[in-house]
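One letter stands for each residue in the lines below.
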Amino acid sequence: MPNPAETLLRIESLSVRLDPADGPPRHILEDVGLTLGEGESLGIVGESGSGKSLLARVVMGIPARNARTAVDGSIAFAGTELTALGAKERRTAASRAMGMIFQDPSSTLNPVVRVAPQITEGAPAAVRRSRRARRALALELLEAVGIPAPERVAASFPSQLSGGQRQRVGIAAALATRPRLLLADEPTTALDATVQLRVLDLLDTVRREQGTAMVHITHDLAALSGRTDRIAVMYAGRIVETGPSRAVLTRPRHPYTRALIDSTPRLSAPRRPPLPQIPGGLPELVHPRKGCAFAPRCAAARPTCFDDRPPEEAGPDARHTAACWFPVQQAPDRSEVPA
Ligand SMILES: Nc1ncnc2c1ncn2[C@@H]1O[C@H](COP(=O)(O)OP(=O)(O)OP(=O)(O)O)[C@@H](O)[C@H]1O
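The rules behind these values
Residues numbered from 1 in each chain as written. Predicted model: local features only at pLDDT ≥ 70, side-chain atom pairs only at ≥ 80, totals over all residues. Helix = DSSP H or I, 4+ residues; strand = E, 2+ residues; numbered from the N terminus. Rg over C-alpha atoms; globule rule 2.2 N^0.38 Å. Buried ≥ 20, exposed ≤ 12 C-beta atoms within 10 Å, placed from the backbone. Near = placed C-beta within 6 Å. Nonpolar A, V, L, I, M, F, W, Y, C, P; charged D, E, K, R; others polar. Expected span 1.5 Å × (residues − 1). Contact = placed C-beta atoms within 7 Å. Pairing = 2+ DSSP bridges. Domains from an automatic or database assignment. Axes fitted to C-alpha atoms, helices over the stretch in contact; angles between N-to-C directions. UniProt positions renumbered as here; feature names shortened; annotations may be inferred.

A. Structural context of the overall build of the protein. Across its full length, the protein carries twelve helices and twelve strands. For 339 residues, the compact-globule estimate of 2.2 N^0.38 gives 20 Å, and the C-alpha radius of gyration of the protein, at 21 Å, lies within 12% of that figure. Taking the principal axes of its C-alpha atoms as reference, the protein extends roughly 65 × 50 × 35 Å. Taken over 339 residues, the protein has a buried fraction of 40%.

B. Structural detail: the site of the ligand. In the vicinity of the ligand, 19 residues are found, and the nearest of them are S48, K52, S53, L54 and A64. Of all elements in the fold, only β1 (7-20), β2 (26-37) and α1 (52-60) reach the threshold of two or more residues within the shell around the ligand. Split by residue class, the shell around the ligand holds seven nonpolar, eight polar and four charged.

C. Helix α8 (residues 193-210), seen in detail. End to end, α8 covers 26 Å across 18 residues, agreeing with the expected 26 Å (1.5 Å per residue, within 8%). Contact partners of the buried residues in α8: β3 (41-45), α7 (163-175), β7 (181-185) and β8 (213-218). G211, located one to two residues past α8, shows a positive phi value of around 65 degrees.

D. Highlighting unusual backbone geometry. The phi dihedral of S13 is positive, around 45 degrees, even though this residue is not glycine. Within the secondary structure, S13 is located in strand β1. Phi at D31 is positive, roughly 55 degrees, even though this residue is not glycine. Checked against the element boundaries, D31 lands in strand β2. Judged by C-beta crowding, with 19 C-beta atoms within 10 Å, D31 ranks as partly exposed.

E. Up close: the pairing of β3. By the criterion of burial, β3 is predominantly enclosed, with five of the five residues buried. Going residue by residue along β3, you find S41, G43 and V45 tucked away on one face and L42 and I44 tucked away on the opposite face as well. One ladder, built from five bridges, connects β3 with β8; its direction is parallel. Paired with G43 across the bridge in β8 is H216. With four bridges connecting them, β3 and strand β9 (residues 230-235) associate as parallel partners. Within the sheet, the bridge partner assigned to L42 lies in β9 and is R230.

F. Looking closely at the domain arrangement of the protein. You can read the domains of the protein as domain 1 (7-97 + 179-264 + 275-322) and domain 2 (111-178). Computed from C-alpha coordinates alone, the two centres of domain 1 and domain 2 are separated by 29 Å. Between domain 1 and domain 2, the contact holds twelve residues from the first and eleven residues from the second. The biggest single contributor to the side of domain 1 that touches domain 2 is α8, with five residues. In terms of residue class, the side of domain 1 that touches domain 2 is built from nine nonpolar, one polar and two charged.

G. Molecular detail of α7. Taking 1.5 Å per residue as the helical rise, α7 with its 13 residues ought to reach 18 Å, and the 18 Å between its terminal C-alpha atoms agrees with that figure. In terms of residue burial, α7 counts as a mostly covered element, since twelve of its 13 residues are buried. Buried residues in α7 make contact with β6 (98-101), α3 (115-120), α5 (131-144), α6 (150-154), β7 and α8.

H. Representation of the sheet that holds β2. Overall, antiparallel pairing links the four strands, which are arranged β2-β1-β4-β5 in an open sheet. The outermost strands of the open sheet, each flanked by one partner alone, are β2 and β5 (80-81). Pairing analysis gives ten bridges linking β1 to strand β4 (residues 67-77), with the strands arranged antiparallel. Each bridged residue has a counterpart across the sheet, and for L18 the counterpart in β4 is T69. Here α1 sits on the sheet in contact with β1, β2 and β4, set at roughly 65 degrees to β2.

I. Here's a closer look at the UniProt feature "domain: ABC transporter" (unreviewed entry) in the protein. Following the UniProt record, one finds the feature "domain: ABC transporter" (unreviewed entry) at residues 9-261. Measuring from the first to the last C-alpha atom of residues 9-261 gives 27 Å, for a span that is 39% helix and 28% strand.

J. Fine view of the pairing of β2. As paired strands, β1 and β2 are joined by eight bridges and run antiparallel to one another. Across the sheet, L14 pairs through a bridge with V32, a residue of β2. Connecting the antiparallel pair β1 and β2 is a turn made up of five residues.

Have a look at this one:
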């Protein structure tokens, strides 16, 4: 079984600028640092537009559409520095050991190719060489992702399947390489509520049974509840808080995390309807940010928050860090206070 103490992915001081063909450069990610252990699951949460998908795409080496991507910093995967590789080597390294599940499977499945060959496209060469092995793997993976009629689905075109089935096919394709790391980018957004839960349960099963490390990207904190070992909270292209999931959800240290929890049904206290919304919006990610990017929306902000970037610092638990000059003070947890 994988040992979570062994680091699989280490991202350090990662900044990413996009130079779109038709507009000014955009400084999207700034000084991002993250680690992920073998077989560990990490949730990355933040509002739409905070840079979560771009982070996953940069790790996978997927180029941005209509923009040049300038990457500064380090992404080490299983001991290999990915930023030092050329684009082709980079994609090969990623396709051998990483899989990505996208928000909308229709955007990645080819409408004119049947399901089976799309699943086995990323399989090891030995499998791809044999027709029989390809077919066996496609059926095995379709069964593993809970498709009740694998033979029929394998022979179908994507348009003949429901949204839930297409997402399962997308997961099967991501699993064909037996990845050590699976990046799931809002994998259930396009699905209805009951199918959402089944797909999330399926990803949990894959992780448990195959020991795959997983990064689960979402704007919905409640979707992570109980499903990830750790949570990283992203705001305007920076990680503002990381820690063990339970600690982040029950004792958040960054005011942004606190506000996200308070505005999330199922996580906030039931006695407080209607749920408060976070006032204001994300800044335009055009210029490098000065100070704390959340300061203009933060009720606790003081002048220094607007001028100086807060470093990521650990609280009483060394694993629980926040980038905030004035972290949320917690009332003592009653269960921890001696009677
Ligand atoms: N190809 C591109 N060209 C220009 N800007 C881009 C490009 N791709 C992403 N961006 C910008 O980068 C920022 C972050 O986008 P990203 O999709 O990573 O955010 P996100 O947190 O994943 O949001 P969502 O949940 O909506 O996908 C946004 O402001 C987006 O407009």
